[in-house]
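Reading the structure
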Amino acid sequence: MFRLYHSNDLDVLKGILLKLMQESPASPFEQEAILVQSQGMAHWLKLQLADGLGVAAQVDFPLPSSFVWQVFNHLQPELPQRSHFDKQIVAWKLLRLLPDLVKQPECAPVAQYLHNDADGLKAHQLAQTIADVFDQYLVYRPDWLLSWEQGVDEVADTDVSLQPWQPPIWRALVADSRELGHSLEHRARLLEQLPALVAQYPQRLQALPKRLFVFGIAALPGSYWQVLNAISAHIDVHFFLLNPCRNFWGDISSDKQRLRILQQQPEAAPLFDRGNPLLASWGRLGRDFLSLIQEAEAEGVVHDIEGWVEVKPQSLLHYLQQDILELNDRQQGAFTAHALESSAFKQAVHPDDGSVRVVSAHSPLREVQRLYDQILYWLDNDPTLKPRDIVVMVPDIDAYAPYIDAVFSSHKARIHDGKNDRDEYHIPWAIADQSMAQEDPLIDSFLRLLNLPESRLLITDVQDWLDVPAIRARFELSEDDLPVLRDWLGRARIRWGLDAQHREQLGLPAFEQNSWRKGLRQLLLGLMLPDGDNDFCGDFPVLAAEGNEAERLGKLMAFIDTLEHWQQRLSEPQLSSQHWQQMLIQML
C-alpha cells in the first residue's frame, strides 16, 4: 500500500508520523526505516520522535540513493555491495581510458581540452566531471544510457550531436567493466528489470522493513519514485509530502519560461497558467515531481490523504503563505482598469511587521553577526521560543561554517535575573550537512598537505596545520606551545617559502628573505649566540628561544623538515598508483 500525505504544515506531517508509530509500534527487535534527504532532517526527526514517543531507538535514516541500491541488492543478492558504476570508481576507469578514447573522431572536443596535459591534472579533473555527469544520467536519464549501450546515439528529447563524445565514452566504459569482470548491472539496467524482479522474487523483499516512511523530501527523481511504487505492493510506503499548495500546480509556468516559449510559439499564450508567481519561479523541482504523483494517482497506485491547515492572515508572511496555498496571484489586480482608479487591490502591511525581512550585509561574517543578534532578540522577547525551533538555511554551508563557528562559539549574551547580570547565556547550535573535509579538521589538513608541491608554505598555512591536535601530537607539541611559536615566527619575520630554491621551483624570484630556512637559522643563532650582534654568513641572531626552550625550537624545525620531505616526495614525476598508495600510507 502506498499512502501519500499532503500538508502545508510540517508539524501536521510529524504528528501523523508519530500517530502511525504509536498505533502500530514495531517490535523491539525490528528496525523502522525513515527515508530522508539529509542528515539535518534525520537529526531533527530523531529529536521529535524522542519527544513524542519517549524514546527513539531502532530507527534507521537512509538516504534515497543508498536505500534504492539496498532494494536492488535484496532483489539480486549477487550484486556487489557497492555498484561498479559508482561515481568514484567510474572516475578512475575514465582516467585510464581517456588517452585511447581521444583518438576517436567523436571525442575531438575532449582531445582538444586535454592538449598539453603533461602532468595529467586536466585528465583527472575531466574524468571526475564526466563521472559526475554519468552518475546524474543513471538517476535522471537512464533511458539515454540504455540506448547508447545498444548503439543508438540519438534520443528523443535532446540533440546528442551537441556532445557527440558522450555515447562512445559510455560504451567504452561498459566494455572496460566487462573486461575487468565487473558487474554490468548499473541502476539504469536494474530499473528496467525492476518490475520483472519484483514479480519473480517477491519473497526477497521480506528482508526490508515491513513499512517505509519517507519524510522531508520535497522531490524525488523519477527512477526512485518507480522503485517506491514497485515495492509498495509488498511493504507499506508512507510518503509525507510538504506541499505548499492545495491545488494542482504541476502545469503553472514562470514568467521566464512563458516568455521563452512565446518567442517561438506566440499562439500558445492562452494555454499558459501562471498561478502564484513565487511558486512558479521557485518550485520547479516540486512541480515536476507533482506531475509524477498525478500519473500514479490516475493509475490508482497512490492513495491520497490531505491535511491542509488554513492560514489566518495576520502578517505579510501569512498573506504569502495563503496566496501560495490557494494558488492566487495578487499581481493580476494591478492589470485591471479598476487599478487606475483605486489601490484597494493592494494588501496593507503594518509598519512594524517583521515577518519577512531582507537584510543586507557587506560580508559573510557580518551576515552571521547580524543573524546572531537577531536570534538573541527573538529569544529575549519570546519566552516560548527555543533554540531547537530555529533553523538557519544557507546555500553553501561550507563557505559560512568558519564564520558561524567564530561568532556562535565566542559570543555570550547577558542574562538579567533581577539581582545582577551574568554573562553566561550561550546559544546551542550545530551545523548539519557539512562536507566531511570541512567537518573534520584532520581530513581537511591531510587534503591540503597533498597540495604541498604547489604550496608557498605561507606562515598561516603552517599555523593552521599546527592547530590540528593530531599533527601537534605527532611532533610532541602542546596547545600551550602555539602562542610561543607564533611569537618566535613573528620575531624572525618568517612569511612564506622554504628557501630561495623552493621559491624558484614555484616560478618566482629566488631570494632568502622572510623564508622558513632563514628564519629558523636566525632563531637557532639567537639560541646559541644570545649576546652576538654580528651576522653569521648573512644571518643575524634573533633573540627568542633560550635555555630549555631549545627542545621546543627543535620540534618546530622537525615539523618544517617533515614538510620539506613530503613536498619533495609528492613532487616526484610519473608516480604509479602503487607508489601513491604506499606513499600515502607512509604519510598517514
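Described in the following lines is the structure provided in the data block. (Residues numbered from 1 in each chain as written. Predicted model: local features only at pLDDT ≥ 70, side-chain atom pairs only at ≥ 80, totals over all residues. Heavy atoms only, no water.)

1. Describing the overall build of the protein
Across its full length, the protein carries 25 helices and eight strands. Principal-axis analysis of the C-alpha atoms gives the protein an extent of 90 × 80 × 65 Å. Within the protein, the proportion of its 588 residues that are buried is 38%. Surface summary for the protein: the accessible area is close to 34300 Å², and the carbon and sulfur share equals 53%. For the protein, the separation between the mean place of its 52 positive charges and that of its 81 negative charges on side chains is 2 Å. (Helix = DSSP H or I, 4+ residues; strand = E, 2+ residues; numbered from the N terminus. Buried < 20%, exposed > 50% of the residue type's maximum accessible area, 1.4 Å probe, protein only. Areas by Shrake-Rupley, 256 points an atom, 1.4 Å probe, with all protein chains shown as cover. Lys, Arg positive; Asp, Glu negative; His and termini not counted. Charge placed at Lys NZ, Arg CZ, Asp CG, Glu CD.)

2. Some details on the nonpolar core
Counting 45 residues, the largest nonpolar core has L212, L228, I231 and F239 as the members making the most contacts within it. Excluding its chain neighbours within four sequence positions, the residues that come into contact with L228 are F2, F67, L212, V214, L220, V237 and F239. Ranked by size, the runner-up nonpolar core spans 33 residues in total, among them I471, W516, L523 and I560. (Core = buried A, V, L, I, M, F, W, Y, C linked by side-chain atoms within 4.5 Å. Contact = heavy atoms within 4.5 Å.)

3. Looking at unusual backbone geometry
Positioned with a positive phi, N116 is a non-glycine residue whose angle comes to about 60°. Its location among the elements puts N116 in the loop between α5 (108–113) and α6 (121–140). The exposed category is assigned to N116, whose relative accessible area is 66%. If you check the backbone angles, N514 has positive phi at about 65° while not being a glycine. Note on placement: N514 falls in the loop between α22 (500–505) and α23 (516–528). What makes N514 partly exposed here is its relative accessible area of 32%.

4. Side note on the pairing of strand β4 (residues 211–215)
Summarising burial for β4: five of the five residues are buried, a large majority. Side chains of β4 alternate between two faces, with R211, F213 and F215 and L212 and V214 buried alike. Note that β4 and strand β5 (residues 236–242) share five bridges and pair parallel. Pairing of F213 across the sheet is with H238, part of β5. Following the backbone out of β4, through helix α10 (residues 222–231) and into the adjacent parallel β5, one traces a crossover that is right-handed. (Pairing = 2+ DSSP bridges. Right-handed = clockwise from strand over helix to strand, strands pointing away.)

5. Details of the environment of L20
In this structure, L20 sits in helix α1 (residues 10–23). C-alpha separation for the pair L20 and K46, spaced 26 residues apart in sequence, amounts to 16 Å.

6. With respect to a nonpolar patch on the surface
A grouping of L278, W282, L317, L320 and V356 is seen on the molecular surface, where their side chains present a nonpolar patch of about 460 Å² in accessible area. Of all the elements in the fold, those that place two or more residues in the nonpolar patch are α12 (277–282) and α14 (316–326). Structurally, L278 can be placed in helix α12. (Patch = residues over 30% accessible without salt bridge, like charges linked within 9 Å, V, L, I, M, F, W, Y side chains within 5 Å. Salt bridge = Lys/Arg side-chain N within 4 Å of Asp/Glu carboxyl O.)

7. Some words on the packing of α1 against helix α2 (residues 39–53)
Taken N-terminus to C-terminus, the directions of α1 and α2 make an angle of 55°; their axes are 11 Å apart at the nearest point. By the angle between their axes, α1 is oblique relative to α2. Crossing angle aside, the handedness with which α1 passes α2 is right-handed. Two secondary-structure elements touch here, α1 through L10, K14, L17, L18, M21 and Q22 and α2 through W44, L45, Q48, L49, G52 and L53. The residue makeup of the contact of α1 with α2, split by class, is eight nonpolar, three polar and one charged. (Axes fitted to C-alpha atoms, helices over the stretch in contact; angles between N-to-C directions. Parallel < 35°, antiparallel > 145°, perpendicular 65-115°, else oblique. Left-handed = near helix turned anticlockwise from the far one by under 90°. Nonpolar A, V, L, I, M, F, W, Y, C, P; charged D, E, K, R; others polar.)

8. Side note on helix α8 (residues 166–179)
Helix length check: α8, at 14 residues, gives a terminal C-alpha distance of 20 Å against a target of 20 Å (1.5 Å per residue), a fit within 8%. Within α8, 10 of the 14 residues are buried, leaving the element largely enclosed by the surrounding structure. Burial in α8 covers these residues: Q166, P167, P168, I169, W170, A172, L173, V174, D176 and S177. Structurally, α8 contributes buried residues whose contacts are with α4 (87–101), α5, α6 and α7 (142–149). Within two residues after α8, G181 carries a phi angle of roughly 80°, on the positive side. (Expected span 1.5 Å × (residues − 1).)

9. Regarding the sheet that holds β5
Read from one edge of the open sheet, six strands run β3-β2-β4-β5-β1-β6, paired in parallel fashion. Where the open sheet ends on each side, the last strands, each with one partner, are β3 (59–60) and β6 (302–306). Across the sheet, α2 is in contact with β2 (32–35), β3 and β4; its angle to β4 comes to roughly 115°.

10. Topic: the pattern of salt bridges
Inspection of every chain in the model, using the stated rule, returns 23 salt bridges. Between D86 and R82 there is a salt bridge; the shortest N-O distance is 2.9 Å. Among the residues examined, D86 registers a relative accessible area of 22% and is labelled partly exposed. Note that K87 and D132 form a salt bridge whose closest N and O atoms lie 3.2 Å from each other. In this pair, K87 sits in helix α4 while D132 sits in helix α6, placing the two residues 45 residues apart along the sequence. On the accessibility criterion, D132 (32% relative accessible area) is partly exposed. Salt bridges sharing partners connect three or more residues here, namely R246, E310 and E326.

11. Here's the deal with the pairing of β2
Here β2 shows two buried faces, one formed by E32 and I34 and the other by A33 and L35. Note that β2 and β3 share two bridges and pair parallel. Across the sheet, the residue bridging to E32 is V59, located in β3. Between the parallel pair β2 and β3, the chain is carried across by α2, and the sense of this crossover is right-handed. Examined bridge by bridge, β2 and β4 share three bridges and lie parallel to one another.

12. Re the environment of M1
Secondary-structure assignment places M1 in the segment before β1 (2–7). Here M1 falls in the partly exposed class, since its relative accessible area comes to 39%. Spatially, the C-alpha atoms of M1 and N229 are 9.0 Å apart, while their sequence positions differ by 228 residues. Ignoring any residue separated from it by four or fewer positions in sequence, one finds M1 in contact with S232, I235, D236, V237 and H303.

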